[in-house]
Amino acid sequence: PAAALTAGTKYNVPLLNAFVLYVGVQAIQANRSKDTASGIAQSAPMDLFQQLAQSLDLEGRYLFVNAIANQLRYPNCHTHYFSCVVLYLFSEAKFGIVQEQITRVLLERLIVNRPHPWGLLITFIELIKNPRYKFWSHSFTKCSPEIERLFESVARSCLPPENKEGAVPKPVPAATS
């Protein structure tokens, strides 16, 4: 606690990073030993991650999502697992602020100079391209013209243009019933 307070936070960041890494490694090992691929959604590690994403305050959740994003590196099963965790937490979030914070963490890492880790790029591209996540329909992507331009610029740098004008491909929002 004293080290956390001197760092200006009430959280033990190295412990949080170690916890996320440990739970992820254990989950990957457990998935390898299973005969059936039941996926990561119905698992104790995902329940832990989802509970943390929902119950932590803003600072804690930001640090938690950063700890997960730290694992988005080069192509391997470790990166794949944590990419799935990010996408699952985004899609299953009960509160919009969770989705906004996940987006913030990914975006902060993408607006810095390249090279970007492969896992970070793949996760962000999946988030903005896959209509399942309805990324472009969230209010935080268009809260101001500056933010909208920032998202479009980052998306343009991650994706090849799909038409002659070079416009950023935006999925059409799904009709709600």
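Anything mentioned here points back to the structure above.
What you see is a predicted model, and the numbers here were worked out from it, not measured in a lab.

Asker: Could you clarify how one ought to interpret the overall build of the protein chain in this entry?
Answerer: Helix and strand counts for the protein chain stand at eight helices and zero strands. Helices and strands appear in the protein chain in the N-to-C order α-α-α-α-α-α-α-α. Relative to its 177 residues, the protein chain shows a buried fraction of 40%. Within the protein chain, contacts between residues separated by at least 24 positions form 66% of all contacts whose residues are at least 6 apart in sequence. Working note: accessible area of the protein chain is about 10200 Å², and carbon and sulfur atoms make up 59% of it.

Asker: Help me understand the packing of helix 7 (residues 118-129) against helix 8 (residues 145-158) in this model?
Answerer: A pair of packed helices is captured by two measures, namely the crossing angle of their axes and the spacing between those axes. Between helix 7 and helix 8, whose axes approach to 10 Å, the crossing angle comes to 120 degrees. As summarised for this structure, helix 7 and helix 8 are arranged oblique, according to the angle between their axes. With respect to the hand of their crossing, helix 7 and helix 8 are arranged in left-handed fashion. Mapping the contact onto sequence places L121, F124, I125 and I128 in helix 7 and V154, A155 and C158 in helix 8.

Asker: Is there a simple way to think about the nonpolar core in this case?
Answerer: It is characteristic of soluble globular proteins that their nonpolar side chains tend to be buried jointly. With 46 residues, the main nonpolar core has F49, F64 and L89 as its most contacted residues. Of all the elements in the fold, those that place two or more residues in this core are helix 2 (13-33), helix 3 (44-55), helix 4 (58-69), helix 5 (77-91), helix 6 (96-110), helix 7 and helix 8. With eight residues, the top contributor of residues to this core is helix 5. If near-sequence neighbours (up to four positions away) are discounted, L89 is found in contact with M46, F49, Q50, A53, F64, I68, V98 and I102.

Asker: How should the environment of L121 be read in this particular structure?
Answerer: Among the structural elements, L121 can be located in helix 7. Sequence separation of L121 and L159 is 38 residues, and the distance between their C-alpha atoms is 9.5 Å. The residues touching L121, leaving out its near neighbours within four places in the chain, are L110, H116 and C158.

Asker: Looking at this model, I keep getting lost on helix 5. Mind explaining?
Answerer: Given 3.6 residues per helical turn, the α-helix brings residues three or four places apart onto the same face. If you check helix 5, its first and last C-alpha atoms are 21 Å apart, about what 15 residues at 1.5 Å a residue would give, namely 21 Å. Among the residues making up helix 5, those that are buried are H78, T79, Y81, F82, S83, V85, V86, L87, Y88, L89 and F90.

Asker: I tried to follow the packing of aromatic side chains on my own but got confused; where do I start?
Answerer: The geometry of an aromatic ring pair comes down to the distance between the two centres and the angle between the two planes. Here the structure, examined in full by the defined rule, presents eight aromatic pairs. Consider the rings of F90 and Y133, whose centres lie 6.4 Å apart with planes at 75 degrees: the pair is edge-to-face. Taken together, the positions of F90 in helix 5 and Y133 in the loop between helix 7 and helix 8 put the pair 43 residues apart, joining distant regions of the chain. In this structure F90 comes out as buried when scored by relative accessible area, which is 0%. The class of Y133 is buried, set by a relative accessible area of 8%. Ring pairing ties together the aromatic residues F90, F124, Y133, F135, W136 and F140, which thus form one cluster.

Asker: How should I be thinking about the pattern of salt bridges in this particular structure?
Answerer: Pairing between side chains of opposite charge can happen when the charged atoms of each approach one another. The final tally for this structure, using the stated rule, is two salt bridges. One salt bridge in this structure joins D57 and K10, with 2.9 Å as the shortest N-O distance. Pair noted here: D57 is in the loop between helix 3 and helix 4 and K10 is in the loop between helix 1 (2-6) and helix 2, with a separation of 47 residues, a long-range link. For K10, a relative accessible area of 57% translates into the label exposed. A salt bridge links R104 to E108; its shortest N-O distance comes to 2.8 Å. Here E108 and R104 lie together in helix 6, a separation of four residues that amounts to about one turn. Judged by relative accessible area, which is 43%, R104 ranks as partly exposed. E108 sits in the partly exposed class, given a relative accessible area of 28%.

Conventions used here
- Residues numbered from 1 in each chain as written.
- Predicted model: local features only at pLDDT ≥ 70, side-chain atom pairs only at ≥ 80, totals over all residues.
- Heavy atoms only, no water.
- Helix = DSSP H or I, 4+ residues; strand = E, 2+ residues; numbered from the N terminus.
- Buried < 20%, exposed > 50% of the residue type's maximum accessible area, 1.4 Å probe, protein only.
- Contact = heavy atoms within 4.5 Å.
- Areas by Shrake-Rupley, 256 points an atom, 1.4 Å probe, with all protein chains shown as cover.
- Axes fitted to C-alpha atoms, helices over the stretch in contact; angles between N-to-C directions.
- Parallel < 35°, antiparallel > 145°, perpendicular 65-115°, else oblique.
- Left-handed = near helix turned anticlockwise from the far one by under 90°.
- Core = buried A, V, L, I, M, F, W, Y, C linked by side-chain atoms within 4.5 Å.
- Expected span 1.5 Å × (residues − 1).
- Phe/Tyr/Trp six-rings, centres within 6.5 Å; stacked < 30°, edge-to-face > 60°.
- Salt bridge = Lys/Arg side-chain N within 4 Å of Asp/Glu carboxyl O.

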